[in-house]
Amino acid sequence: CATTWRPVGISCPSTCQFLPKNNKTGKTSCYALRGLARLQQKAAKGIKGTFDQLKKSDVKFIRHLTAGDWFHKNKLDKQFINEVIDLHKARPDLIGWGYSHAIIHWIKAKITPKSLPKNLHVLASVDNEEQMKLAKKHNWRYARIVDEWGTLNKGEAKCRYQLDST
């Protein structure tokens, strides 16, 4: 299994509620800036892998963007997205997945789940009911965090996680 990551901030949509500048407390709630993901980024600094290396590797699973998002300077990074798409077209045996906090930009760019290779899965990371409805309307699978184990929407499944206070 492999992962890709990008620096948090410059690769994130400016509206991301998890960035410190958008958080009322001024503290980060971005998982990539805390806990294990932060340690992974710190350890990986200076390691520069390429998609060409991944095309030649025997890796079977890849989690895209364990940190960061599919943006560059607040614009959807279509070049990066195309590189990921090309990787998965060249490696039909490579299963990849990732999330985006601003699926609205994918919709506006006319990138749909059906336009992605079958072995690449991007989910809308939704923060509220409005984003969830938008994702569903445009056939995007989505993920959301709920604070309580309440009622699930049709098609949702529970996935336990442990909130890390670091």
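The model shown is predicted, which means the values in this text are computed figures rather than measured ones. Throughout this description, residue numbers start from 1 for each chain and increase along the sequence as written. This being a predicted model, a pLDDT of at least 70 is required before a residue's local features are given, and a value of 80 or more before pairs of side-chain atoms are given or counted; all residues contribute to the totals for chains, interfaces and linings. Only hydrogens and water are removed before side-chain values are computed, so all heavy atoms of the structure are retained for them.

## Looking at the overall build of the protein chain
So, step 1. Counting from the N terminus, the helices are DSSP H or I runs at least four residues long and the strands are E runs at least two residues long. When you go through the protein chain residue by residue, the secondary structure sums to five helices and seven strands.
So, step 2. In the protein chain, the order of α-helices and β-strands from amino to carboxyl end is β-α-α-β-β-β-α-β-α-β-α-β.
So, step 3. A 1.4 Å probe rolled over the protein chains alone gives each residue an accessible area, and that area as a share of the maximum for its type sets the label: buried under 20%, exposed over 50%, partly exposed in between. Looking at the protein chain as a whole, 37% of its 166 residues qualify as buried.
So, step 4. A contact between two residues is defined here by any heavy atoms of the two lying within 4.5 Å. In the protein chain, the share of contacts with a sequence separation of at least 24, taken over all contacts with a separation of at least 6, comes to 67%.
So, step 5. For the protein chain, the exposed surface amounts to about 11100 Å²; the carbon and sulfur share of it is 54%. Methods summary: accessible areas were calculated by the Shrake-Rupley approach with a probe of 1.4 Å, and residue burial reflects only the protein chains presented.

## Description of the environment of Ile104
So, step 1. Note that Ile104 resides in helix H4 (residues 103-108).
So, step 2. For Ile104, a relative accessible area of 32% corresponds to the partly exposed category.
So, step 3. Ile104 sits 34 residues away from His138 along the chain, and the two C-alpha atoms are 9.6 Å apart.

## Some words on helix H5 (residues 129-137)
So, step 1. One side-chain oxygen of the residue at the start of H5 lies 3.1 Å from the amide nitrogen of Glu130, identifying that residue as Asn128.
So, step 2. Once H5 ends, the next one or two residues include Asn139, with phi positive near 65°. By the criterion applied in these results, polar contacts are pairs of N or O atoms within 3.5 Å in which, for protein atoms, one can donate a hydrogen and the other can accept it, and in which residues neighboring in sequence qualify only through two side-chain atoms.

## A few points about the nonpolar core
So, step 1. By size, the foremost hydrophobic cluster in this structure holds 29 residues, and its most contacted members are Trp70, Trp106 and Trp140.
So, step 2. Mapped onto this core, the elements with two or more residues apiece are helix H2 (51-56), helix H3 (78-90), H4, strand E6 (120-125) and H5.
So, step 3. By residue number, the principal contributor to this core is H3, which donates five residues.
So, step 4. Those residues in contact with Trp106, other than ones at most four positions away along the chain, are Trp70, Leu76, Ile81, Ser100, Ile111, Val122 and Trp140. Within this scheme, the nonpolar core is defined by two criteria: the residues are buried Ala, Val, Leu, Ile, Met, Phe, Trp, Tyr or Cys, and they are joined through side-chain atoms within 4.5 Å.

## Digging into the pairing of strand E5 (residues 95-100)
So, step 1. Residues Gly96, Gly98 and Ser100 point to one face of E5 and are all buried, whereas Ile95, Trp97 and Tyr99, pointing to the other face, are not buried.
So, step 2. Should DSSP find at least two bridges between two strands, the strands are taken to pair. The pairing of strand E2 (residues 61-63) with E5 spans three bridges and is classified as parallel. For Arg63, the partnering residue across the bridge sits in E5 and is Trp97.
So, step 3. Pairing of E5 with E6, which is carried by five bridges, proceeds in the parallel orientation. Bridged to Gly98 within E6 is Val122.
So, step 4. Looking down the strands as they point away from you, a crossover is right-handed if its path from the first strand over the helix to the second goes clockwise. Read as a crossover between parallel neighbours, the route from E5 over H4 to E6 is right-handed.

Just geometry here; none of it tells us what the structure is for.
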